[in-house]
Amino acid sequence: MSTYPSSPFSRSTKVLVPLLLAVVINQAYAGTITGTPGTPGVDGTTAGAKGTDGGNGQSVEQTIDLATFASYATLNGGSGGKGGNGAAVAGSAGAGGRGGNATLRATSSRNISADTARYLSVYGGTGGHAGNPAVGGAGAAGGAGGDATFTVAATSTAVYFHLQSTATGGAGGAGRIAGVAGSAVSTLALEGQAGYLGGDSSATGGAGGDALDAGNGAVGGAASSMVISNGGSEWHASVQAEGGAGGAGSGIGYRGGEAGSASATYQGNAGTADATGHLAVIGGAGGNGNAGAAGAAGGDVSLRNPASVTTSGALTLDWAAIGGKGGASEGATAGRGGNAQMNMVLDERLASRVTATVRGRGGNGGATNGGIAAAAGAGRASAEVVSKGALTLTSRGDGGAGGAGTAAAGANGGAAAAVANGRSLQGAATVTAEASGGAGGAGTGADGGLASANALSNAVTGTATATARATGGAGADASGANRSAGHGAAALVSAASHSDGGGAVASVTAQGGMGGVGTAGAAGGAGSDITLVNAVSGSTSGALELTQTAAAGAGGGSANGLAGSGGGAVSRLVLNDTRANSIAVKVQAVGGWGGRSTGPRGTPGNGGAAEGVLDLKAAKAGGSATGNVLVQGGWTTGVPTLINHGGEAVARSTVQADRSASSVAQATAGTGDNYANAPYPRSANAEAHARALSNGSASAVASAYSDDASTKGVATAEAAGGNGPTLAEAHVQAGQAEVRAHSSALGAASNSARAGAFAKTGSVLANSVSLGAGGERVSTTARTSIGSDHADVATSANVGGALEVMQPMMFNNLSFATGAPDAATAAAAFSATPRVAGAFADSRVVGIGTMTGVGGNVLDYNVVTSANFQFDTTTKGYLQLGLLDAELYPSWAAEGTGRMTLTISDHGTEVFARSFANLDAAQAFFSDDVVTLGMLLAGNHDLLVTAGFTIDGSAGLNFTYALGVSAVPEPQAWLLLMLGGTLLMLRRRSRD
């Protein structure tokens, strides 16, 4: 039984074991001692004779001195002898013999000074099985398992001392009356005056005996484990106790044996040393039911503050409660899985920092063959901790798996719940709650278990971090036509963080359970839907970070059946914060994948739709905010059909802040895998909307993606800034695209909008607006319909700033303008055009702009660009159009042709119009020249410059222009001019 080297003791010397043991121990020898097994019973030899009882195994009881003991020892109680069989003609069976006890006591006659580790194990002897009765004879009882007991009391002054003990009760023997299991007790009492002090104690109850023929299984053995330890410069304790499994019952009306109980604890005072304590309590498994007997329930475990240690150093705790497995059954009701709950309530004002983990895991439900499968046990963990110093707290719950059904329905998976509430008085508080629901048991229609996780973090001075993750249990698999696999289970999450003097971070992730897989014509199960609404929150005067993720479950696949659909995902968050200096928020939604289909009669499942919405307002003066909404529709997988498709995706992000605001919305529709050229639609529509509002800088980016030619993508981006840089970008990839980008800002701030698409049809539009301090307004627009695979437009506008430089080939169609440019900007624009420079030398420069139109690989490709300048004049003057320059794109112009119209209006009244039959003529027109457009009266003016391009093939033109108002000469000047002219005419006539 031992894993250590074999003992020098032989069966021929077993009568000398007690004496030899004393000698061995005194000589610091390590080895294994096993009690003499019981004598087997004798079979009945004459008709009707009873078999004799088996003999009892020898008990072993020893005391050792750890001060002289070297390293390890193992004691085994002798096994009980098997009962004799009854003779023919109603001979009764003999009873099994009792297993021998194993008892080991360890003390120290003086302080242990040598650095060492000790490994000590005790095993109760196995009870003997009862003999078999003859027909008509009486059955007999199985032998009881032997008890295992280990106790230690020792003191160490060594730099390193570690003691590990294991106690295991003996299993009961099988019989008409099942043998009782042996118990297990392990107790360590340690004192350390220096160095590392560690104690590991493990106890496992023996298994109950099985019932022969008709009868109940025996109860599993009890287990108890304890460490009491004080002192040391580093303190460690680990305790584990597991109840024994119940024995198998047999026959209709009987049941398996109950699970054995278990208890564990540690206690200690580590002084100033760092201290680590591990504790695990495991419920025993319920006994199985054979031949129509019911299975027994797994052992429940429910604990609250089961252990304690005092220290002013760092404290690390790890506690676990695990429910026992339910017993299986043949033809009857199986046993449920044991429930598990671990609760920690700790107010730690002494330790320098705390790291604590609590876990609860439910036991698996019992399976059945032709009966009723049993539900799984629930797993729950809860922790509420206050720490003087930094705190790391984790709570985890796991549901057990439902019992499987053969020729029967499976049972649902167990629920899981985790709650973690942590507060640090000084330093960071990192709090995590995790939960995973149990899987449904195989059979028909068994669903996964619900999962719930809640985390709350509070830090007085440091960063507070709260994380909650939950995963719903998976549905059970199913097989056979007209059957359905189980559905995935939902997941619930919440997280909140608060810090008085540091940052706050909170994150939640809810993962829906997967649907089960169908085989042999069974339908796949549906993935779970997930909906999160304001599931995450935080509060701080510093930096706030929030993440909210909803991920729906995938549908289960099917072989020659209908695969399950992916679940839908919704993630919505509304936040109006008045405290944080900066806020970063991410909202994510992921639709579940549709189940894959195989076989000629299989049908894939649809991908789940996904929606993400963020409405974020950072109200604090000088605050900044960033919002990201990322949405992915579920894919559909397997051989394409007319009916299956990916999931739609919708993303909306609105961000408002004083100093800066950034908003991103990205939506990607679900599509099909490995079937890009499938004859049927596979993708869905995608829609993205981003909006950013700020008194300073603003950025909004919206992207929508879908792979199929029949789908539609919509993207809108709006960035409304103040005196800071402002950018709006919108992009679409889909069969049909509608793309809009709008930017607005104040004064000379950089201000641009960009819109682009890869699509077959649709339209793109960009618009930028800027307001000047003197009431000036500049607006630029570029738009085109999509006539080829790609189209993009860009705009830029400002008042009193520089003209944005065009980036060739990046944005084909554009309108950039600056209103009321300063002298340096105007001088730079006119540096290569002396005629324009001279004409505008004494003029008011209203604006400077550039426009571009570029075609695609189609005929009659239309592009419209425009610029609007609104301003006031106090006196009348002449409106001037400066024709600065123009550029053809040679590589494109050689492949296509184009024509252009140019119009200028004031308050809707046209003041200039010119059509160009080709782009070469338009280029020649814009060549350092000035056109006077007429008189402008004093007052408000609304000038609109519009260029319309019609391009055949690949060709393009960019031109740059200026608008100015020249002064009307004073009356005296006009009079002198008139007189001078009259005198000149008279002189000429007199000469004639």
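Residues numbered from 1 in each chain as written. Predicted model: local features only at pLDDT ≥ 70, side-chain atom pairs only at ≥ 80, totals over all residues. Heavy atoms only, no water.

A. Here's a closer look at the nonpolar core. Y266, F869, F959 and Y961 are the most contacted members of the largest nonpolar core, which totals 176 residues. Each of domain 1 (148-366 + 382-400) and domain 2 (776-783 + 808-973) accounts for three or more of the residues forming this core. Excluding residues within four positions of it along the chain, F959 makes contact with G849, T850, M851, D885, A886, M900, L902, F926, A947 and F949. Listed in part, the eight residues of the second largest apolar core include A826, F840, I848 and L884. (Core = buried A, V, L, I, M, F, W, Y, C linked by side-chain atoms within 4.5 Å. Buried < 20%, exposed > 50% of the residue type's maximum accessible area, 1.4 Å probe, protein only. Domains from an automatic or database assignment. Contact = heavy atoms within 4.5 Å.)

B. A look at the domain arrangement of the chain. You can read the domains of the chain as domain 1 (148-366 + 382-400) and domain 2 (776-783 + 808-973). Between the C-alpha centres of domain 1 and domain 2 there is a distance of 84 Å.

C. Region of interest: unusual backbone geometry. If you check the backbone angles, V89 has positive phi at about 65° while not being a glycine. Tracing the backbone through its elements, the reader meets V89 in the loop between β3 (72-76) and β4 (102-107). The exposure class assigned to V89 is exposed, which follows from its relative accessible area of 64%. (Helix = DSSP H or I, 4+ residues; strand = E, 2+ residues; numbered from the N terminus.)

D. The pairing of strand β31 (residues 491-499), seen in detail. With nine bridges connecting them, strand β28 (residues 451-459) and β31 associate as parallel partners. Paired with A459 across the two strands is S499, which belongs to β31. (Pairing = 2+ DSSP bridges.)

E. How the structure looks around the pattern of salt bridges. Inspection of the entire model under this criterion finds 16 salt bridges. Measuring nitrogen to oxygen at the nearest pair gives 3.6 Å for the salt bridge that ties E434 to R396. One end of the pair, E434, is in strand β27 (residues 429-436); the other, R396, is in strand β24 (residues 390-398), with 38 residues separating them in the sequence. When its relative accessible area of 17% is taken as the criterion, E434 is described as buried. With relative accessibility at 26%, the residue R396 sits in the partly exposed group. The partner of R899 in a salt bridge is D952, with the nearest N and O atoms 3.7 Å apart. On the criterion of sequence distance, the pair formed by R899 in strand β58 (residues 897-906) and D952 in strand β61 (residues 939-952) is long-range, its members being 53 residues apart. (Salt bridge = Lys/Arg side-chain N within 4 Å of Asp/Glu carboxyl O.)

F. The sheet that holds strand β10 (residues 223-231), seen in detail. If you trace the seven strands from one edge of the open sheet to the other, you get β2-β4-β6-β8-β10-β13-β17, paired in parallel fashion. In the strand order of this sheet, the two ends are held by β2 (60-65) and β17 (308-311), each with one partner. The sheet shows a mean angle of 5° between the axes of neighbouring strands, taken without regard to direction. Two elements, β4 and strand β6 (residues 148-156), share six bridges in a ladder whose sense is parallel. For A106, the partnering residue across the bridge sits in β6 and is V152. (Axes fitted to C-alpha atoms, helices over the stretch in contact; angles between N-to-C directions.)

G. Focus on the side chain of T265. Positionally, T265 belongs in strand β13 (residues 262-271). For T265, a relative accessible area of 14% puts it in the buried group. If near-sequence neighbours (up to four positions away) are discounted, T265 is found in contact with S225, M226, V227, V239, L279, P306 and A307.

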